[in-house]
Amino acid sequence: MAQTTIKNLMKGAVWLTLASLLSKILSAVYRIPFQNMVGDIGLYIFQQVYPIYGIAMTLALAGFPIIVSRLIAEEKDVTKREEIFQSALQVMIGVGLVFFFAIFFGAEFIACVMGDVHLTVLIRVISFAFLLMPFLASLRGFFQGHEQMIPTAISQTIEQLVRVVIIIAGATGAVALGWNLYMTGAVAMSGAVVGGFGALGTLLYFYWRKKPETIKFTRKWASAKFVKRFLAQSIAVCTTSAMLILFQLLDSFQVYRLMRESGIDATTAKSLKGVYDRGQPLLQLGLVLCMGLALAIVPMITSAKSRGETKELRRSVLLIIKLTILLSGAATLGLIAIMRPTNQMLFETAAGTGVLQIFILSLFISSLIVTMSSILQGFGNMAGPAVAVCVGLAVKVATNAILVPRFATYGASWSTVIGLTATLIMCYILLKRQLPVPFIRKHMIGWALLAFAAMIIVPVTWEAFWPLTSRTGSAIQALLGALIGGTIFFYCIIKFRLLTTRDLVYMPFGSKLMWLANKIHKR
C-alpha cells in the first residue's frame with residue numbers, strides 16, 4: 001500500500017475516533033441537565049423511546065456505511081462503483097421505509113407493549129429519523145470508500161451538537177411554558193430529526209465541494225444476490241455495534257410494564273424506571289476511554305495479521321485486553337465506591353444508588369465485550385460477535401421476566417449484568433479459538449486486585465464515616481474521591497509493573513505518563 005494512502009487512512013481514523021468519542025460524550029452528558037429539568041419521570045419518558053433512535057443512528061453510522069465503504073473500496077472500476085452505490089442506496093431506502101411505516105403506524109401498538117400508551121407521539125416523532133438514515137449512511141459510506149473520513153466525522157459531530165441543543169433548548173422552553181412531560185419529551189425527540197438534517201446538509205456540502213467522483217444513477221435495480229449479501233453483512237455489524245442500545249430497548253419493552261403488572265402504581269414505576277435510567281450516561285462516559293482504545297489498536301491487529309507478524313499480533317491483543325481489564329476495572333470499582341455522592345451531584349438526589357451500583361458492573365463487562373468483538377472483527381470474524389450479542393439479549397429477556405416482577409429495578413440491573421456476561425463468555429470462547437494463548441498472566445491477577453483494593457480504600461472509608469450529604473458536599477466528595485483513588489491506582493499499577501513504559505505509549509498523554517512512571521520507579 002502506498003505511503004500516501006496509509007497516511008490518509010491513519011489521519012481519517014484519528015478524525016473518526018475523535019468524532020466518535022466526542023459524540024458519545026455529548027450523548028451522555030446532555031441527559032444530566034435534561035434530568036435536572038424534567039425529573040426522573042421525564043427521563044423515563046425520554047429513555048423509553050431513545051433506543052429506537054439509537055437503532056437509526058447505528059444504521060446510519062456504524063452499520064451500513066461500513067459495508068458500503070468496504071464494497072466501494074474493493075472495486076476499482078468506476079462504473080461498478082456506481083452500481084454498488086445505487087444498489088446499496090436502494091436496499092437502505094427499502095429498509096428505512098419499512099422501519100418508518102412500521103414504527104409510525106405501529107406507534108400506538110409499540111407504546112402499549114411498553115405499557116404506556118402516552119408514548120405514542122414520541123415514537124411517531126422519532127420514526128422520521130429512519131427516512132434520513134439511507135441518505136446519511138450511503139453518503140458516509142461513499143466518502144469512507146474513497147478514504148475520506150473527515151465528512152463522516154464532521155457530520156457526526158454536527159448531528160450530535162444540533163440534537164443536544166434542540167433537546168436542552170426544547171426542554172427549557174417546554175418546562176417554562178408548563179407543557180406536560182410527554183410533550184416535552186416529543187420536543188426533545190425532534191432534536192434527532194433536526195440533527196439528521198444538519199448531518200445530511202454537511203455531507204451534501206462535502207459532496208458538492210470535494211466529491212471524489214460523480215454519482216450517476218440508472219434504472220437498474222439491485223440484484224437479489226446483492227441484497228442478500230449486503231443485508232447479511234450489515235446485520236452482523238449493526239447487531240454488534242448496537243449491543244447496548246438493544247439491551248436498553250428490551251428494558252423499554254419490559255421493565256416498566258413488568259413493574260406495573262407486579263402491582264406497582266404507574267407514578268412510582270415511572271419514577272423507578274427514570275432512576276434506573278440514570279445509569280446510562282454513567283455507563284456511556286465510562287466506555288468512552290475503552291472505545292477509544294479499541295478504535296486505536298484494532299488497526300494494529302489488522303495490519304499485523306495481514307503482514308503475518310504473529311508475535312506482534314499476539315502482543316497487540318494481549319496489550320489491549322490488559323489495558324481494558326485495568327482501566328475498565330478501575331472505572332467500575334471507582335464508580336461503585338463513589339456512586340452515592342456522584343448520583344446526588346449529577347441528579348440532585350441519591351435515589352437508586354444501590355440499583356446503579358449493580359448496573360455499573362455492566363461497564364467492566366461491556367468494555368471487555370467491545371474489546372474482544374473489535375479484535376474478532378480485526379480477524380475478519382463479523383458473525384461471531386453478533387451471535388454472542390443475540391445470545392445475551394435472549395438471556396436478558398428471560399432474566400428480566402424472572403427478576404423484575406420480584407425485585408423491580410434491582411432485578412433489571414442484575415438482568416443486564418447477567419445478559420452481558422453471557423455475551424462476554426461467548427466472545428471469550430470465540431477469541432480463544434482464534435488465538436489460543438493466555439490473555440492475562442496469573443501472577444498479575446494478585447497485583448491487579450491489590451491495586452483495585454488500594455484505590456477504593458479512601459472513598460469507601462470517607463463514605464462510611466464522614467459522608468457529605470448536601471449536593472455541593474457530594475460533588476466535593478465525588479470529585480476528590482475520584483482524584484485520590486485514581487492517583488493511588490496509577491501509582492500502584494506502575495509500582496507493581498502492571499503497565500510498562502511500552503504499554504503507556506498507547507494511552508492518552510502517553511509521554512507524560514511515561515515521565516511519571518520513570519519518577520515512580522526511581523523512588
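This is a predicted model, so every value here is computed, not measured.

**Quick look at the overall build of the protein chain**
Step number 1: What the protein chain contains, in helices and strands, is 21 helices and zero strands.
Step number 2: Across the 523 residues of the protein chain, 54% fall into the buried class.
Step number 3: Here the analysis covers contacts within the protein chain between residues at least 6 apart in sequence; of these, 82% occur between residues at least 24 apart.
Step number 4: Accessible surface, the protein chain: about 22800 Å² in total, of which carbon and sulfur atoms supply 69%.

**Points about the environment of Leu244**
Step number 1: Positionally, Leu244 belongs in helix H10 (residues 243-261).
Step number 2: In sequence terms Leu244 and Leu393 are 149 residues apart; their C-alpha atoms lie 9.8 Å from each other.
Step number 3: Aside from chain neighbours lying at most four places away, what touches Leu244 is Leu283, Leu287, Ser366 and Leu420.

**Quick look at the environment of Phe206**
Step number 1: Considering the arrangement of structural elements, one finds Phe206 in helix H8 (residues 181-210).
Step number 2: Here Phe206 falls in the buried class, since its relative accessible area comes to 10%.
Step number 3: Between the C-alpha atoms of Phe206 and Leu139, which are 67 residues apart in sequence, the distance is 9.7 Å.

**Structural notes on a nonpolar patch on the surface**
Step number 1: There is a patch of nonpolar side chains on the surface, built from Ile457, Val458, Ile476, Leu480, Leu483 and Ile484 and spanning about 490 Å² of accessible area.
Step number 2: Looking at the nonpolar patch, the elements with two or more residues in it are helix H18 (442-465) and helix H19 (471-495).
Step number 3: At four residues, the largest contribution of residues to the nonpolar patch is made by H19.
Step number 4: In this fold, Leu480 is placed in helix H19.

**Looking at the nonpolar core**
Step number 1: The biggest cluster of nonpolar side chains holds 123 residues, and the ones touching the most others in it are Ile52, Leu119, Ile123 and Phe230.
Step number 2: Of the residues forming this core, the biggest block, 22 residues, is contributed by helix H2 (residues 31-74).
Step number 3: Discounting chain neighbours no more than four positions away, the residues touching Phe230 are Phe64, Ile67, Val68, Leu71, Ala88, Val91 and Met92.
Step number 4: Among the nonpolar cores identified, the runner-up in size contains 20 residues, and Ala448, Met455, Phe490 and Leu504 belong to it.

**Thoughts on the pattern of salt bridges**
Step number 1: Here the structure, examined in full by the defined rule, presents eight salt bridges.
Step number 2: Here Lys396 and Asp251 are joined by a salt bridge, their closest N and O atoms 2.7 Å apart. With Lys396 in helix H17 (residues 383-434) and Asp251 in helix H10, the pair connects residues that are 145 residues apart, well separated along the chain. Taken as a pair, Lys396 and Asp251 share a single burial class, namely buried.
Step number 3: The partner of Glu348 in a salt bridge is Arg471, with the nearest N and O atoms 3.8 Å apart. On the criterion of sequence distance, the pair formed by Glu348 in the loop between helix H14 (339-347) and helix H15 (353-359) and Arg471 in helix H19 is long-range, its members being 123 residues apart.
Step number 4: Residue class for Glu348 comes out partly exposed when judged on its relative accessible area of 38%.

**What to know about the confidence of the model for the protein chain**
Step number 1: For the protein chain, the average pLDDT comes to 87, and 89% of its residues sit at 70 or higher.
Step number 2: The least confident element of the protein chain is helix H1 (residues 3-29), whose mean pLDDT is 62; the most confident is H15, at 97.
Step number 3: In the model, residues 1-7 has pLDDT below 50 throughout and makes three contacts with residues more than four positions away in sequence or in other chains.

**Some remarks on the packing of aromatic side chains**
Step number 1: In the structure shown here, the tally under the stated rule is 22 aromatic pairs.
Step number 2: When the ring of Phe64 is compared with that of Phe230, the centres are 5.5 Å apart and the planes differ by 10°; the resulting orientation is stacked. With Phe64 in helix H2 and Phe230 in helix H9 (residues 224-241), this pair connects stretches of sequence that are 166 residues apart.
Step number 3: Each member of the aromatic cluster is reached from another via a ring pair, and the members are Tyr30, Phe34, Phe46, Tyr50 and Tyr53.

**Overview of the packing of helix H11 (residues 266-276) against H17**
Step number 1: At a closest axis distance of 15 Å, the pairing of H11 and H17 adopts a crossing angle of 100°. With respect to each other, H11 and H17 are oriented roughly perpendicular. In this structure, H11 uses Leu272, Lys273 and Tyr276 to contact H17, whose residues at the interface are Lys396, Thr409, Ala412, Ser413 and Thr416.
Step number 2: Partitioned by chemical class, the residues of the contact of H11 with H17 number three nonpolar, three polar and two charged.

**As for helix H4 (residues 107-114)**
Step number 1: Among all positions in H4, only Ala107, Ile110, Ala111 and Met114 are buried. Buried residues along H4 cover an arc of 100° about the axis, so they all sit on one side.
Step number 2: Looking at the packing, one finds that the buried side of H4 touches H2, helix H3 (78-105), helix H5 (120-127) and H10.
Step number 3: Positive phi shows up at Gly115, right after H4, with a value of about 95°.

**A short note on the packing of H2 against helix H7 (residues 150-177)**
Step number 1: Relative to each other, H2 and H7 sit at 150°, their axes nearing to 12 Å. Classified by the angle their axes make, H2 and H7 are roughly antiparallel. The two elements H2 and H7 meet at a crossing, and its hand is right-handed. Note on element contacts: H7 touches H2 through Thr152, Gln156, Glu159, Gln160, Arg163, Ile167, Ile168, Ala171, Thr172 and Val175, opposite Pro33, Phe34, Met37, Val38, Phe46, Tyr50, Tyr53, Met57 and Leu61.
Step number 2: Looking at side-chain class alone, the contact of H2 with H7 contains 13 nonpolar, four polar and two charged residues.

**As for H17**
Step number 1: Counted at 1.5 Å a residue, the expected span for H17 with its 52 residues is 76 Å, but the 14 Å between its end C-alpha atoms falls short.
Step number 2: Maximum bend of H17: about 150°, positioned at Phe407.

**Focus: the side chain of Gln248**
Step number 1: Note on placement: Gln248 falls in helix H10.
Step number 2: Within the local environment of Gln248, its side chain forms a polar contact with the side chain of Gln47, the two groups lying 3.2 Å apart.
Step number 3: Ignoring any residue separated from it by four or fewer positions in sequence, one finds Gln248 in contact with Gln47, Tyr50, Pro51 and Gln280.

How each quantity is defined
- Residues numbered from 1 in each chain as written.
- Predicted model: local features only at pLDDT ≥ 70, side-chain atom pairs only at ≥ 80, totals over all residues.
- Heavy atoms only, no water.
- Helix = DSSP H or I, 4+ residues; strand = E, 2+ residues; numbered from the N terminus.
- Buried < 20%, exposed > 50% of the residue type's maximum accessible area, 1.4 Å probe, protein only.
- Contact = heavy atoms within 4.5 Å.
- Areas by Shrake-Rupley, 256 points an atom, 1.4 Å probe, with all protein chains shown as cover.
- Patch = residues over 30% accessible without salt bridge, like charges linked within 9 Å, V, L, I, M, F, W, Y side chains within 5 Å.
- Salt bridge = Lys/Arg side-chain N within 4 Å of Asp/Glu carboxyl O.
- Core = buried A, V, L, I, M, F, W, Y, C linked by side-chain atoms within 4.5 Å.
- pLDDT = per-residue confidence, 0-100.
- Phe/Tyr/Trp six-rings, centres within 6.5 Å; stacked < 30°, edge-to-face > 60°.
- Axes fitted to C-alpha atoms, helices over the stretch in contact; angles between N-to-C directions.
- Parallel < 35°, antiparallel > 145°, perpendicular 65-115°, else oblique.
- Nonpolar A, V, L, I, M, F, W, Y, C, P; charged D, E, K, R; others polar.
- Arc of directions from axis to C-beta.
- Left-handed = near helix turned anticlockwise from the far one by under 90°.
- Expected span 1.5 Å × (residues − 1).
- Bend = angle between axes of the 7 residues up to and from the residue.
- Polar contact = N/O pair within 3.5 Å; in protein donor to acceptor, adjacent residues only side chain to side chain.

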